[in-house]
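Now for the letters of each chain:
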Amino acid sequence: MEPPSGPASRRHVPWNRLLLAVSLLTFWTPPTTAQLTTETVPPLAAEGSDVLLLAHNVANNPLGYAWYRGERVDNSQLIVSCRVATNLTIKGPAHSGREALYPNGTLLIQNVTQKDTGSYMLLVTKDDLQTERQTGQIHVHPVLPTPVITSNNSKPWEHKDTVVLTCGPETQNTSYMWWISNQSLPKSTRLKLSEDKRTLTVFSVTRKEKGPYVCETRNLVSISRSDPFTLDVLYPVARPSLQVSNTTVPEHEGPVVLTCLTDETGVSIRWLFKGQSLLLADRMTLSSDNSTLTIDPISREDAGDYQCEVSNRGNSSRSGPLRLRVTWRVNAQALSVGAITGIVIGVLLVLTLLAVLGCFIFLHSLDLRLHSSQICLFFFPNPGCLHNRGNWPPASTSGRGPSGSSASQASLPDARPPAPIYQELLHPDTDVYCNISHKADAGP
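Residues numbered from 1 in each chain as written. Predicted model: local features only at pLDDT ≥ 70, side-chain atom pairs only at ≥ 80, totals over all residues. Heavy atoms only, no water.

## Some words on the overall build of the protein
Definition in use: Comment: elements are numbered from the N terminus, with helices defined as DSSP H or I runs of at least four residues and strands as E runs of at least two. For each residue, the accessible area found with a 1.4 Å probe, counting protein chains only, is set against the maximum for its type, and the residue is called buried under 20%, exposed over 50%, and partly exposed in between. In this analysis, two residues are considered to be in contact whenever any of their non-hydrogen atoms come within 4.5 Å of each other. Throughout, the Shrake-Rupley method with a 1.4 Å probe supplies accessible areas, and for residues the shown protein chains are the sole cover considered.
The helix and strand tally for the protein stands at three helices and 30 strands. Looking at the 444 residues of the protein, the share that counts as buried comes to 28%. Put simply, of all contacts in the protein between residues at least 6 apart along the chain, 53% involve residues at least 24 apart. Looking at the protein as shown, the accessible area adds up to about 30200 Å², and 56% of this sits on carbon and sulfur atoms.

Rendered as structure tokens:
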């Protein structure tokens, strides 16, 4: 007997599911582990700042971390290491006391210096005792000090001297920039920068180039500017002039305003009186720039020549003199008692001296008259002698004498008998005679 025949039993799978399975097998790959990396923050560090070496994509449940100075594992260059399970940190030979290790493997370096510039390597030990390593870089740059501008000539003369300005100190990896009067340097044939722009040369300097100048220094981590520097450019000072509100003023009136006129700027002004520096009295005031002198009220002591002088650090110039005249009235009532007493005493003394002098002259003339009378009577007993002194000596009756004339005795009243009298001329150029009487010729 033959077994019964029938269709064979089969399991059918939908095509859509089969295609999905094939697709998944074809395109799915197992996930890959992210690679360990480091990051420096900030990438460019200024000297004295803090720097972080961040660790990224660290394996799960690592056994430990270790940081080395350099690009290879060298125990002599070990900075710090840490066992995660026990949180035990071990400092290595390269530890400076400024480093700290965080539990996530990040390294902190505080107060970095330029010596900290270089490579740093992180070593991570995973739970399967496999290790990963990655290297990071630190770049430390100096913080630029405040620059200072120096000049080869502190007092250049206008249109004559050349000035060289230098921005210092000189530092590596530094760029230099210049400003004048808060603006960038203009294009000029008289301005020249050195190749490194650290030196600025000003040819035939003028007052327009006096500044102020500012130089700026820059590097990758800092910018610094100098203090303003102004050139003291010297130049000849033009002669000023004086202007006054009134040249003739009555005393005790005012005000009188004297003004010093000058076109110069940046100069100092001083006043002179009678060629000397003016000493300010309480009645005098100066303006803030000393260009105006006010006198109120006027006193007679203020009369005289005034001048003003303008100067810079190079030279000075004076104005011509301007004369101020002060008028006043003599007021007798204003004289003090002491002044009046002095005047009276002075007048009395003058009168007394005049009286004494008059008495002396009178007595001296009287004495001369008496003396001449005595001489006349001694030599000429004739009483007429006293009346004829203007014609002395009298004429001789004997005809002798210089005139050669004779006179009669009858012409003279009460004439005595004649006596021979000899007359001798003492001085030929004058009418002076010497009279000598000889008693022998007269008889007994």
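Alright, that's what it looks like, and here's the rest.
## Quick look at the pattern of salt bridges
How we decide: Put simply, a salt bridge is a Lys or Arg side-chain nitrogen that is within 4 Å of an Asp or Glu carboxyl oxygen.
Taken as a whole and judged by the stated rule, the model has 13 salt bridges. For Glu216, the salt bridge is made with Arg225, and the minimal N-O distance between the two is 2.8 Å. Overall, the relative accessible area of 3% leaves Glu216 in the buried class. Owing to a relative accessible area of 48%, Arg225 belongs among the partly exposed residues under this scheme.

## Looking at the nonpolar core
For soluble globular proteins, the rule of thumb is that nonpolar side chains tend to be buried together. Our working definition: Nonpolar cores were defined as sets of buried Ala, Val, Leu, Ile, Met, Phe, Trp, Tyr and Cys residues, with membership established by side-chain atoms within 4.5 Å.
Counting residues in hydrophobic clusters, the biggest one holds 21 residues, and the most contacted among them are Leu258, Trp271, Leu293 and Tyr306. Counting 19 residues, the second-largest nonpolar core is a separate cluster that includes Leu53, Leu107, Ile138 and Val140.

## Structural notes on the sheet that holds strand E24 (residues 284-286)
Cut-off, in case you're wondering: Pairing between two strands requires that DSSP report at least two bridges joining them. Helix axes are fitted to C-alpha atoms over the stretch in contact, other axes to C-alpha atoms as well, and angles between N-to-C directions run from 0 to 180 degrees.
Here we have four strands laid out as an open sheet, ordered E19-E21-E25-E24, and antiparallel in their pairing. Either end of the sheet is taken by a strand with one partner, and the two such strands are strand E19 (241-244) and E24. Averaged over neighbouring strand pairs, the angle between their axes works out to 20° when direction is ignored. Of the pairings in the sheet, the one linking E19 to strand E21 (residues 256-261) comprises four bridges and is antiparallel in character. If you follow Leu242 over to E21, its bridge partner there is Cys260.

## A few points about the side chain of Glu99
The test is simple: Asp and Glu count as negative and Lys and Arg as positive, but His and the ends of the chain are not part of the count. Between N or O atoms, a polar contact is any pair within 3.5 Å; within protein, one atom must be a potential hydrogen donor and the other a potential acceptor, and residues adjacent in sequence are included only when both atoms are from side chains.
Within the secondary structure, Glu99 sits in strand E7 (residues 99-101). Of the side chains with opposite charge, Arg98 comes closest to the buried, unpaired Glu99, at an N-O distance of 4.6 Å. A distance of 3.3 Å separates the side chain of Glu99 from the backbone nitrogen of Gly97, its partner in a polar contact.

## A word on the packing of aromatic side chains
This is how the line gets drawn: For Phe, Tyr and Trp, where Trp contributes only its six-membered ring, two rings pair if their centres lie within 6.5 Å, and the inter-plane angle classes them as stacked under 30 degrees, edge-to-face over 60, or tilted in between. We call a charge positioned above a ring when the Lys NZ or Arg CZ atom is no farther than 6 Å from the ring centre and deviates by at most 35 degrees from the ring normal.
By the definition in use, this model includes one aromatic pair. Summarising the aromatic geometry, the rings of Phe273 and Tyr306 are spaced 4.7 Å apart at their centres and angled 45° between planes, so their arrangement reads as tilted. With Phe273 in strand E22 (residues 268-273) and Tyr306 in strand E26 (residues 304-311), the pair connects residues that are 33 residues apart, well separated along the chain. The class of Phe273 is buried, set by a relative accessible area of 17%. Look at Tyr306 and you get buried, because its relative accessible area is 0%. Here the guanidinium or amino end of Arg207 rests over the ring plane of Tyr235, the centre of that ring lying 3.8 Å away. In this structure, Arg225 packs its charged tip against the face of Trp179, placed 4.2 Å from the ring centre.

## A word on the state of the cysteines
To keep things clear, this is the line we draw: Counting rule for disulfides: a pair of cysteine sulfur atoms within 2.5 Å.
This model, assessed by the stated rule, comprises two disulfides. Between the sulfur atoms of Cys167 and its disulfide partner Cys215 the distance amounts to 2.1 Å. Disulfide Cys167-Cys215: torsion about the S-S bond near 65°, hence right-handed. Separated by 48 residues along the polypeptide, Cys167 in strand E12 (residues 163-168) and Cys215 in strand E17 (residues 213-218) bring together distant segments of the chain. Residues Cys167 and Cys215 agree in their burial class; the two are buried.

## Quick look at the UniProt feature "transmembrane region" (unreviewed entry) in the protein
Spelled out, the test is: UniProt positions are given in the numbering used here, feature names are shortened, and annotations may be inferred rather than shown by experiment.
Here, UniProt's "transmembrane region" (unreviewed entry) annotation points to residues 339-363. Secondary structure over residues 339-363 splits into 100% helix and 0% strand, and the C-alpha atoms at its two ends are 37 Å apart.

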